[in-house]
Amino acid sequence: MLGDLGTASLAAGLASATLTALLWLRVALFDAPARIARLGTAATLAAAAVACALLEAALLRHDFSVRFVAENGGRHVPLYYTLTSLWSALDGSLLLWLLVLGGYAALLARRAYPARLHAYAMVVVSVVMLFFFALSSFAANPFRPVSPVPTDGPGPNPLLQQHPAMGVHPPLLYAGYLGLVVPFAFALAAPLAGRDGAGWVRLARPWALAAWAALTGGIGLGAWWSYAVLGWGGYWAWDPVENASLLPWLTATAFLHTTLVRGRVAWHSALACASFLLVLLGTFLTRSGAVASVHAFTDSPLGPMLLGFVLLAVAVSTVLTGRRDPEPARAGRPRALSRPTLVLVNGVLLVAIAAVVLIGTILPLLSAPLNGTRASVGPGYYQRTAVPLAVVVLLVMGVAPALRVRDRSAALRRLAVPAGAGLGTVALVGLLSRPGPAALTAFGAAAFVLTGLAGDALHLRTGPRRRPGRLAGLVAHAGLALVAVGVAGSSAYGRDDERTLRVGETLRVGDVSVRLVGVDRTGGSGSMAVRARLALTTSGRAGPTITPALRYHPARDTAVTVPAIGTGPLRDTYVTLIAVGEDSGSATVRLAVNPLVGLLWAGGALTAAGGLLAAARSARRPRGRADRLPPTAAGTGAGRSASRADRPAPKAVGSGAST
Amino acid sequence: MRWRRVLVALMLVALAAAAGAGLARSAGDRGRPDPVRAVAAELRCPACQGESVADSRSPIAVAMRQVVADQLAQGRDRDEIRRWFVQRYGADVLTDPPDRGVRLLLWGVPALALLAGAYAAVRTLRPRAGRARPAAPRTPGARATRRAWRVASVGVVGLVASVAVVTYRLDPPARPAPADPVAVALQLAHDLETQDRYDAAAQMYQEALRERPDDAVRLRLAFALLRSGDSDGAQRTAREVLGREPNSPDGLLVLGLAQRTSQPVEAERSLRRFLAVAPAHPAAAEIRRLLSPDPAPNGR
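Residues numbered from 1 in each chain as written. Chains lettered and ligands numbered in written order. Predicted model: local features only at pLDDT ≥ 70, side-chain atom pairs only at ≥ 80, totals over all residues. Heavy atoms only, no water.

Caption draft 1: Main features of the overall build of chain B. Of the regular secondary structure elements, chain B holds 13 helices and zero strands. Secondary structure elements in chain B, listed N-terminal to C-terminal, are α-α-α-α-α-α-α-α-α-α-α-α-α. For chain B, buried positions account for 35% of its 300 residues. Sequence separation of at least 24 residues holds for 43% of the intrachain contacts in chain B that already meet a minimum separation of 6. (Helix = DSSP H or I, 4+ residues; strand = E, 2+ residues; numbered from the N terminus. Buried < 20%, exposed > 50% of the residue type's maximum accessible area, 1.4 Å probe, protein only. Contact = heavy atoms within 4.5 Å.)

In structure tokens, the structure reads:
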């Protein structure tokens, strides 16, 4: 019953998305009124919402006649994880994907932008939407019936039932991924829209910022989840799924920075397109079983179709944005050491890092047909390539803001103190300990950036011109510098040891030690657990008793380690239970001391907050006199045709014409 | 003012020198305390995804760590051990295989991206003068618009149709076989046997059995158990095989040999059956010698 309704809602969504794409095309080509098209977009969103709601209802009611529930539901699963199991497997997560995409489409449809540009952008979004609806209804329909109907299901993957971040991480990540569809749509629409298309960069920027902030938060939460759940003590493994989220983040970061500088239309559209194309490529890589990964979803026939769509999108965006007029020459030669130049340099470096991550991720795929074997790419490769590039990016990030000042020698003087701080940090840390060259340079670069930012912040408060707009960038940059310190510190100074302890024995790492007090076994309905009780001692002082656990999920025949993490301001103690002796008298325990990990989470949160701040500001900022609409035009179709006739074409920030 | 600037410059130079010293000091070997871990970190666990042998907890990784420890104890150095593993299991066993062949792409593609980006950046910073044209406002004719409409609508509907058609046409793609953990486990067990580590070898066979319940593997396990001194386990395993295939020569052989310590009568019966089933077996001569009425005093 629920299943039939769900299939019907997917079919309705597919029909509605197809119709909506055609309706927006009519608006774009024939100046037809946009009201019906807006309704179509709303109807598509409604269909996605209904499909999600139906699947949630089926999960909550344990309706095992629905295939997705039979495969991913379970009577023993707690309510919260039953709710989140909507996105714990491919087919259901596609529904969430549709819901978020539909949400963006509806929001975009309500805005009042130059008519033709708006309509073409909506066509692009609608086509993306209809493709995913088609995938969901034909290839990955979660509502297909099961017979015979099982009485219980295995529940979602146990790893996805361990951490509350599971409820936030995927939706946030999807909000980030799919928000990038808007800049992509604008970039494709601009060449089609003629004069209307000139100002697209300024219109796309708030969307890109919001998506970027969500993506940053999503990546950070993913790292946190990996740290808190997977139990190997790390937060980033250069796993294909993690890489797939990093790729669009890198190009979107480059996009956001190049849009700060006038001109460069080709860069803007290339980066906007690349960001969303990388989202699609990442979806292909992780949702098709093409690459093996810790948290990739299982095999499905989606692979070839997603790949086909990626190739189609690449072809379309190349054709549409590739042909453009050369930018007009500017008077005078640009200075080598200026902020616009450095922003461009950073853009190039970010693209290079993206290339590193991309080839590292897809090489196993490429090498299979070329070479016969699946080559593996380990963390060592990224440490040799991406990490040095990232340190250079950090340095450029520290230099660029100082060059706001026109006077070159004044700019250099402003850099003297940060440079001193950076070099001093390298000298001090390098002479006191041996963290290795990469971590040491990262410390230095972070000190350089943070000192520069502190100076900037003082300048902002006391300077002659108060520019609150810079605060967002400042916060985001500070967050990234903190992340760099966290990464370098935890990888350079982390220590761990692993041993089998009998009750009463002690395992020591540095000045932290754990003594095995006892081993408890508990049996639950859906899972059995073994806990080790360990007394923690830090530098001679007795700490609390901690209980890392091993949980066995019979429904999926997997055991999951649940680490016990003691979070401190400067370092975490991370204890994992690896195995337990048959007589419950001994346990194999891994004790790791991870310094500065807290900075990662704090820095990630700060970076995302900076993005949000910038998004809020740039959305609120009046869009200039030229394209401000009469208030009646917003949200209604009535003012539309009039506004196109009356209004002069918006002046472009992005186009060369305005510079 | 002048002297201040000089002072700042001097200070920066001094700091740079100190930083250089710190870097140089840090660049030296950090002296990993655990040599086994250092070697194991360079080996990829064949049964896991993206984990090194040092980090993984799978039984194969445990056995591989043991092999590393043994070889280190025998005085081999890091490179020799790496070579040993590469010879046995191929270059893919390294977390960082040498960059040859396809792996050159790992450096070529980023280098190309960097060059292309730099070229585009230079072009952007110095646009060639005199080629700029004002963008001509495009006003497509009514016919062209209608044609665009028709083409686009066909395209949109075609996209949906192609997804539908492809779905019904397409079988789920066969998953490319990952590095076969069973094969690695068997190879490893065999290696362990040649080093007389029958205990560990038996464990490895058990691991392989869990993945692939196969009587050939079960017989190897029985032999390993027998040699490690666990004759009960060997008997049990051999009986499992014989339950399915009562005349398995190797099953009879292991069973008989395992019974010799506790049940000499049954042992003789089993071994005679073995001789009857497989008179040409490589071990037959030895068994005949064992069963001859006047066994040599040093018979095993």
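Caption draft 2: Spatial organisation of the overall build of chain A. Across its full length, chain A holds 19 helices and 10 strands. For chain A, with 659 residues in total, the buried portion stands at 59%. Put simply, 72% of the contacts in chain A that link residues at least 6 apart link residues at least 24 apart. For chain A, the exposed area adds up to about 25400 Å²; of that, 64% sits on carbon and sulfur atoms. (Areas by Shrake-Rupley, 256 points an atom, 1.4 Å probe, with all protein chains shown as cover.)

Caption draft 3: Expanded view of the pattern of salt bridges. A full pass over the atoms with the stated rule returns 17 salt bridges over all chains. For the salt bridge of R533 of chain A with D520 of chain A, the shortest nitrogen-to-oxygen distance reads 3.0 Å. Of this pair, R533 of chain A sits in strand β4 (residues 528-538) while D520 of chain A sits in strand β3 (residues 512-523), placing them 13 residues apart in sequence. For R533 of chain A, a relative accessible area of 30% corresponds to the partly exposed category. E286 of chain B is the partner of R289 of chain B in a salt bridge, and the nearest nitrogen-oxygen pair spans 2.8 Å. Here the residue R289 of chain B and the residue E286 of chain B both occupy positions in helix α13 (residues 284-291), the gap between them amounting to three residues, near one helical turn. The network of salt bridges with shared partners includes D215, R218, E240 and R244 of chain B. (Salt bridge = Lys/Arg side-chain N within 4 Å of Asp/Glu carboxyl O.)

Caption draft 4: Quick peek at the packing of helix α6 (residues 115-139) of chain A against helix α8 (residues 181-192) of chain A. All names here are of chain A. It is at 8 Å that the axes of α6 and α8 come closest, and there the two elements cross at 130°. With respect to α8, the axis of α6 lies oblique. Seen from above, α6 lies across α8 with right-handed handedness. Where α6 abuts α8, its residues L117, Y120, A121, V124, V125 and V128 lie against V181, F184, A185, F186, L188, A189, A190 and L192. For the contact of α6 with α8, the per-class residue count stands at 14 nonpolar, no polar and no charged. (Axes fitted to C-alpha atoms, helices over the stretch in contact; angles between N-to-C directions. Parallel < 35°, antiparallel > 145°, perpendicular 65-115°, else oblique. Left-handed = near helix turned anticlockwise from the far one by under 90°. Nonpolar A, V, L, I, M, F, W, Y, C, P; charged D, E, K, R; others polar.)

Caption draft 5: Quick look at the packing of aromatic side chains. All names here are of chain A. With the rule as written, the count across this model stands at 22 aromatic pairs over all chains. Between the aromatic rings of Y113 and F186, the centroid separation amounts to 5.5 Å while the plane-to-plane angle is 75°, which identifies the pairing as edge-to-face. Of this pair, Y113 sits in the loop between α5 (90-110) and α6 while F186 is found in helix α8, placing the two residues 73 residues apart along the sequence. The two residues Y113 and F186 agree in class, both being buried. (Phe/Tyr/Trp six-rings, centres within 6.5 Å; stacked < 30°, edge-to-face > 60°.)

Caption draft 6: Up close: unusual backbone geometry. All names here are of chain A. In this model, H62 sits at a positive phi of 50°, which is unusual for a non-glycine residue. Tracing the backbone shows H62 in the loop between α2 (35-60) and α3 (67-72). Although it is not a glycine, S539 sits at a positive phi angle of roughly 40°.

Caption draft 7: Representation of the sheet that holds strand β1 (residues 495-502) of chain A. All names here are of chain A. Pairing within the open sheet is antiparallel, and its four strands lie in the order β1-β10-β9-β8. Here the strands that pair on one side only, and so sit at the sheet edges, are β1 and β8 (564-567). With direction set aside, neighbouring strand axes in the sheet form an average angle of 15°. Strand direction decides the pairing type here: β1 and strand β10 (residues 586-595), joined by eight bridges, are antiparallel. (Pairing = 2+ DSSP bridges.)

Caption draft 8: Structural view of the nonpolar core. Membership of the largest hydrophobic core comes to 182 residues, with the highest contact counts inside it found for W24, F132, F133, L135, F186, W200 and F276 of chain A. If you tally residues by element for this core, the top one is α6 of chain A, at 17 residues. The residues contacting F186 of chain A, other than those within four sequence positions of it, are L108, Y113, L117, A121, W200, L203, A204 and W207 of chain A. In terms of nonpolar packing, the next biggest core, distinct from the first, is built from 55 residues, C48, A61, V217 and L252 of chain B among them. (Core = buried A, V, L, I, M, F, W, Y, C linked by side-chain atoms within 4.5 Å.)

Caption draft 9: Quick peek at helix α7 (residues 169-179) of chain A. All names here are of chain A. In terms of residue burial, α7 counts as a mostly covered element, since nine of its 11 residues are buried. Every buried residue of α7 is accounted for by H169, P170, L173, Y174, A175, G176, Y177, L178 and G179. Contact partners of the buried residues in α7: α5, α8, α9 (200-229), α10 (240-258) and α11 (265-287).

Caption draft 10: Spotlight on the pairing of strand β7 (residues 558-562) of chain A. Residue and element names in this part refer to chain A. Where strand β6 (residues 549-553) lies against β7, five bridges are found, and the strand directions are antiparallel. For H553, the partnering residue across the bridge sits in β7 and is T558. Between β6 and β7, which pair antiparallel in sequence order, lie four residues; one of them, D557, sits at a positive phi of approximately 50°.

Caption draft 11: Layout of α10 of chain A. Residues and elements named next belong to chain A. The first and last C-alpha atoms of α10 sit 27 Å apart over 19 residues, in line with the 27 Å expected at 1.5 Å per residue. Taking burial as the measure, the 19 residues of α10 include 18 buried ones, the bulk of the element. If you check the start of α10, you find a side-chain oxygen 2.9 Å away from the backbone N of V241, and it comes from D239. (Expected span 1.5 Å × (residues − 1). Polar contact = N/O pair within 3.5 Å; in protein donor to acceptor, adjacent residues only side chain to side chain.)

Caption draft 12: Representation of the packing of α11 of chain A against helix α12 (residues 302-322) of chain A. Residue and element names in this part refer to chain A. It is at 9 Å that the axes of α11 and α12 come closest, and there the two elements cross at 170°. Here α11 lies roughly antiparallel to α12, going by the angle between them. Here S269, C273, L277, L280, L281, T283, F284 and R287 of α11 come into contact with α12, specifically with G303, L306, L307, F309, V310, A313, V314, S317 and T321. When the residues that make up the contact of α11 with α12 are grouped by side-chain class, the tally is 11 nonpolar, five polar and one charged.

Caption draft 13: Highlighting the environment of A559 of chain A. Positionally, A559 of chain A belongs in strand β7. A559 of chain A sits 401 residues away from P158 of chain A along the chain, and the two C-alpha atoms are 8.2 Å apart.

Caption draft 14: Quick look at the confidence of the model for chain B. Residue and element names in this part refer to chain B. Across chain B, the average pLDDT comes to 79, with 86% of residues at or above 70. When pLDDT is averaged over each element of chain B, helix α5 (residues 105-125) comes out on top at 88 and helix α7 (residues 181-194) at the bottom at 77. For the stretch residues 295-300, pLDDT sits under 50, and the model shows five contacts to residues farther than four places along the chain or on other chains. (pLDDT = per-residue confidence, 0-100.)

Caption draft 15: Here's a closer look at the pairing of β3 of chain A. Residues and elements named next belong to chain A. Relative to β3, strand β2 (residues 506-509) runs antiparallel, the two sharing four bridges. For V509, the partnering residue across the bridge sits in β3 and is V512. Between β2 and β3, which follow one another and run antiparallel, lie two residues, and G510 among them has a positive phi close to 60°. Here β3 pairs with β4 via 11 bridges, running antiparallel. Bridging from a neighbouring strand, V512 pairs with T538 of β4.

Caption draft 16: Main features of a nonpolar patch on the surface. All names here are of chain A. Nonpolar side chains collect at one region of the surface, where L60, L79 and L83 lie side by side and expose about 260 Å² of accessible area between them. With respect to the helices and strands, L60 occurs in helix α2. With a relative accessible area of 39%, L60 lands in the partly exposed category. (Patch = residues over 30% accessible without salt bridge, like charges linked within 9 Å, V, L, I, M, F, W, Y side chains within 5 Å.)

Caption draft 17: View of a positive patch on the surface. Together, R413 of chain A together with R2, R4 and R5 of chain B line one region of the surface with positive charge. The element contributing the most residues to the positive patch is helix α1 (residues 2-27) of chain B, with three residues. When you line up the elements, R4 of chain B lands in helix α1. (Lys, Arg positive; Asp, Glu negative; His and termini not counted. Charge placed at Lys NZ, Arg CZ, Asp CG, Glu CD.)

Caption draft 18: Up close: the confidence of the model for chain A. All names here are of chain A. Per-residue confidence for chain A gives a mean pLDDT of 84, with 87% of residues at or over 70. When the elements of chain A are averaged for pLDDT, helix α19 (residues 638-646) gives the smallest value, 36, and α2 the largest, 96. Across residues 294-298, confidence stays below pLDDT 50; counting only partners more than four residues off in sequence or on other chains, it has 21 contacts. In this model, residues 622-659 is a region of pLDDT below 50 whose contacts with residues beyond four sequence positions or in other chains number 57 contacts.

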